[in-house]
Amino acid sequence: MSLNTLLITALVVALLALLWRIREQRRSTSHFLDLTGELGHKLEDLAERYDILTTNLAASVIIRNVDGVTTFCSPYTEVLTGHPVGEFIEDAGDFFESLVVENDRKRFQRAKLVSGLGEDIVVRYQLLHRSGIVLWVETHLVPICDSDGRIESVLAVSMDVTASVRYQQRIEEQNRDLNDFTYMVSHDLKAPIFTIKGMASAIREDLNESLDQESRESLEYIIEAANRLEALVKSVIEYSSLSAKEINDESVSLELVLDEVLNDLSGAVKQKEAKIGRIGKLPAVRGEHLRLYQVFSNLVGNALKYCANERSPEISIYTAQENDELVAIVIQDNGIGIPNAKLKDIFRPYQRAHSRDIEGSGIGLACVKKIVDRIHGTVTVKSEEGQGSEFTITLRKSSPNTVRVLSFPPSSSEASLE
Ligand code: ADP
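Rules used throughout
Residues numbered from 1 in each chain as written. Predicted model: local features only at pLDDT ≥ 70, side-chain atom pairs only at ≥ 80, totals over all residues. Heavy atoms only, no water. Salt bridge = Lys/Arg side-chain N within 4 Å of Asp/Glu carboxyl O. Helix = DSSP H or I, 4+ residues; strand = E, 2+ residues; numbered from the N terminus. Buried < 20%, exposed > 50% of the residue type's maximum accessible area, 1.4 Å probe, protein only. pLDDT = per-residue confidence, 0-100. Contact = heavy atoms within 4.5 Å. Core = buried A, V, L, I, M, F, W, Y, C linked by side-chain atoms within 4.5 Å.

Quick look at the pattern of salt bridges
Taken as a whole and judged by the stated rule, the model has 20 salt bridges. Ionic pairing is found between aspartate 104 and arginine 107, a salt bridge with its closest N-O pair at 2.9 Å. A residue pair is termed a helical-turn pair when its members lie 3 or 4 positions apart in one helix, as aspartate 104 and arginine 107 do in helix H7 (residues 102-116) at 3 residues. Owing to a relative accessible area of 33%, arginine 107 belongs among the partly exposed residues under this scheme. Linking lysine 369 and aspartate 373 is a salt bridge whose minimum nitrogen-to-oxygen distance equals 2.9 Å. Of this pair, lysine 369 and aspartate 373 both sit in helix H14 (residues 364-374), separated by 4 residues, roughly a single helical turn. Taking relative accessible area as the criterion, lysine 369 reaches 30% and is therefore assigned partly exposed. Residue aspartate 373 is classed as partly exposed on the basis of its relative accessible area of 39%.

Structure representation (structure tokens):
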């Protein structure tokens, strides 16, 4: 479903909740409203619009009070489910819930429970139409409170989203096929590249003396091209394997990940005389240790690689923001920065912002994005050319008592500003 449709749906849901509330209030305060004619007319008008909206909306609208009594059921419910509206009103239980397919019923019940506690929630599930067809349905559940803030009813707006779910499934399937194909072709290319490299190197060694200058140069070109092709194939395999493999959802200590990354990059840190500032402690997050290592290794590695010639690299890693659920971690450098025009594409595969003199495949940030997406996080970048870059990763936090403990040597002292 498009963002527009979602926004319109959310707006309609909010409007319906408001109109229902006004309609109910109007009922209970009719005497007072009789005295205030103009306001009464306005409310009348709103209530009428409410009825028009619920009658003509291509979505089922059902209102159930806290005692589980269905107090309203819009006509479209019959189109969506195939069952007459009367069946929903008359049923002592929740007739709508009984149409949710067995496998999804628990999820539907959980969503009802959450909305009964006062939260708006959207739930997607499969529903059995009277004709026997199974539909994909999305329901927005919105609690309605009385004037004292007590929940009195829950409004459920349900829509048929079968077409968009099927479309999404088809796209995912095609992506999987494409990915498998890329992976397979790249894998098959490894052997011939290996042969070309091996043969060219053997010729160079065996016949070096008897070869003229031109032939020697040609051999060097072949070996260099084969090396580049090998690096390219490796990066394609690395990128496509990220889609194919499962990524664990476990508790990972970012402190340990960062220790590991800085330890492995300590050679480059020393060589570039870089200062790495670890400000405060990083929390434990949800994800997979190896994948988060790849993320931080890419970002810190790039911060070292794309340093400015005229100053030694200074890299800061810190928690910028956090709440109970999310944490935003910043990796900031004082390097050459990224030109503004390149920023929007920088997370796409094979997009490079600088000259080929700096070695790289252009796949690192694409891998970072793919990993972060797959563990339900985000990654963004701010940069000023010549000044430096700032990458921000937002990840889901995990509770501290479930952190997977890995033993690892502490970060080296030269890698710390503190
Ligand atoms: P590469 O292998 O080229 O380093 P990446 O995908 O890691 O590939 O990065 C893509 C491009 O983004 C790089 O080629 C570089 O131009 C730019 N880039 C990434 N990180 C930084 C950084 N910290 N500072 C400046 N430019 C960067």
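There's more to say after this.
Side note on the confidence of the model for the protein
Confidence along the protein averages 86 in pLDDT terms, with 89% of residues attaining 70 or more. Contacts for the low-pLDDT stretch residues 401-418, under 50 throughout, to residues beyond four places or in other chains number 29 contacts.

Considering the nonpolar core
Counting 44 residues, the largest nonpolar core has Phe296, Ile317 and Leu395 as its most contacted members. Of all the elements in the fold, those that place two or more residues in this core are helix H10 (254-264), helix H12 (289-305), strand S9 (314-322), strand S10 (326-333), H14, strand S11 (378-384) and strand S12 (388-396). Here the element with the most residues in this core is H12; it accounts for 8 residues. Among all residues touching isoleucine 317, those that are not within four sequence positions of it are Leu258, Ile276, Gly277, Arg278, Ile279, Leu282, Val300, Ile329, Val330 and Ile331. Residues Ile62, Phe96, Tyr125 and Ala156 belong to the second largest nonpolar core, which totals 18 residues.

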